[in-house]
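Report on the structure
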Amino acid sequence: MTQKISHDQKVTLTPSTSSPTTNTERESRAAEVRKLSFWYGETQALKEITLSIAKRKVTALIGPSGCGKSTLLRSFNRMHDLYPGNRYSGEICLFPENHNLIDLDPFMVRLRIGMVFQKPNPFPKSIFENVAAGLRIQGIQNKKLLSDRVEQALRDAALWEEVKDRLSQSAYGLSGGQQQRLCIARALAPQPEILLLDEPTSALDPIATAKVEDLITEIRHRFTVIIVTHNMQQAARISDFTAYMHLGKLIEFAPTGELFTTPQETLTRDYITGRFG
């Protein structure tokens, strides 16, 4: 059944009615996509995608431009709800509750799933207030707790030592690479269950890119990360699992080492060997 998007939709949290999931499976997975399709108006961008997202691991989505990887990523925190005429069918189930995110209030979804975009987008506020923004939305007002959580998020983003003496200064005074790490700190501060990264290094120089990759490697054991990247070398370096997509379909999904060394599908093999893309 197709689910139309409603901007003021508020649905009671009810478990998915799909096939049951064992306790062991729930403990090892952060989420599961089940026959997810998505349309921009009349154009179908995703075609019955099914895959599991491992908890506290990095999953990379790769494929040529227009293959649907960013569309899939943005479905996880309901970014498509910001535009009229879009619609879903299928499920994205968040564990351990096994709730279908497509049926939940988008605001509540975004409190649980953070996102960082291709280009840094700091708020026109101080460095401190950028990181504290999500915490204030959660209702945290205690100054000591805010300060501690902001510091921890900046440390997680490998930015604390660079900004600790200028937290009250504008975030716009940071370099591009620092701004992107600030955006990652802002996304990490509310302690999301899943962190979405949409080509987070495509606008950065090699040194800034290396720093972002290092911090992803550092946080991978505490946060579940899904990253869209055009850079296959980057996917190979930092991800535990990789999904290859083509024309809105999931072609192959496997542990990263296996997918890059022994792909099972011809389309995957042709893409990673540079025959197209």
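About the cut-offs
- Residues numbered from 1 in each chain as written.
- Predicted model: local features only at pLDDT ≥ 70, side-chain atom pairs only at ≥ 80, totals over all residues.
- Heavy atoms only, no water.
- Helix = DSSP H or I, 4+ residues; strand = E, 2+ residues; numbered from the N terminus.
- Rg over C-alpha atoms; globule rule 2.2 N^0.38 Å.
- Buried < 20%, exposed > 50% of the residue type's maximum accessible area, 1.4 Å probe, protein only.
- Areas by Shrake-Rupley, 256 points an atom, 1.4 Å probe, with all protein chains shown as cover.
- Patch = residues over 30% accessible without salt bridge, like charges linked within 9 Å, V, L, I, M, F, W, Y side chains within 5 Å.
- Salt bridge = Lys/Arg side-chain N within 4 Å of Asp/Glu carboxyl O.
- Axes fitted to C-alpha atoms, helices over the stretch in contact; angles between N-to-C directions.
- Parallel < 35°, antiparallel > 145°, perpendicular 65-115°, else oblique.
- Left-handed = near helix turned anticlockwise from the far one by under 90°.
- Contact = heavy atoms within 4.5 Å.
- Nonpolar A, V, L, I, M, F, W, Y, C, P; charged D, E, K, R; others polar.
- Phe/Tyr/Trp six-rings, centres within 6.5 Å; stacked < 30°, edge-to-face > 60°.

Side note on the overall build of the protein chain
If you tally the helices and strands in the protein chain, you get eleven helices and eleven strands. Its C-alpha atoms give the protein chain a radius of gyration of 19 Å, within 12% of the compact-globule value 19 Å for 277 residues. Considering only C-alpha atoms, the protein chain reaches an extent of 50 × 45 × 40 Å along its principal axes. Taking all 277 residues of the protein chain together, 52% fall into the buried category. Of the roughly 13100 Å² of accessible surface on the protein chain, 52% is carried by carbon and sulfur atoms.

Concerning unusual backbone geometry
A negative phi holds for most residues other than glycine; trans holds for most peptide bonds. With an omega of 10°, the peptide bond between Phe95 and Pro96 qualifies as cis. Phi angles above zero are rare outside glycine, and Arg78 is one such case at about 60°. For Arg78, the position within the fold is in the loop between α2 (69–75) and β5 (86–94). With phi around 55°, Ala158 is a residue other than glycine that occupies positive phi space.

Description of a nonpolar patch on the surface
A surface patch of nonpolar side chains, about 310 Å² in accessible area, is lined by Phe107, Met108 and Ile137. Relative to the assigned elements, Ile137 resides in helix α4 (residues 127–137). Classification of Ile137 as exposed rests on a relative accessible area of 51%.

Brief notes about the pattern of salt bridges
Two side chains bearing opposite charge may form a pair once their charged atoms approach each other closely. Scanning all chains against the criterion turns up 17 salt bridges. Note that Asp156 is salt-bridged to Arg222, the shortest N-O span being 2.8 Å. Taken as a pair, Asp156 in helix α5 (residues 143–156) and Arg222 in the loop between α8 (206–219) and β9 (224–228) lie far apart in primary sequence, 66 residues in all. In this structure Arg222 comes out as partly exposed when scored by relative accessible area, which is 44%.

Focus on the packing of helix α7 (residues 176–188) against α8
Put simply, α7 and α8 touch, their axes get as near as 9 Å, and they point 20° apart. Of the possible angle classes, the one that applies to α7 and α8 is roughly parallel. When you trace α7 past α8, the crossing you get is right-handed. On the side of α7, the interface is formed by Gly177, Arg181, Ile184 and Leu188, while α8 contributes Ala208, Lys211, Val212, Leu215 and Ile219. Grouping the constituent residues of the contact of α7 with α8 by class yields six nonpolar, one polar and two charged.

Remarks on the packing of aromatic side chains
Applying the stated criterion across every chain, the model contains four aromatic pairs. Look at Phe38 and Tyr40: their rings are 4.8 Å apart centre to centre, the planes differ by 85°, and that puts the pair in the edge-to-face class. With relative accessibility at 0%, the residue Phe38 sits in the buried group. Among the aromatic side chains, those forming a connected cluster through ring pairs are Phe38, Tyr40 and Tyr88.

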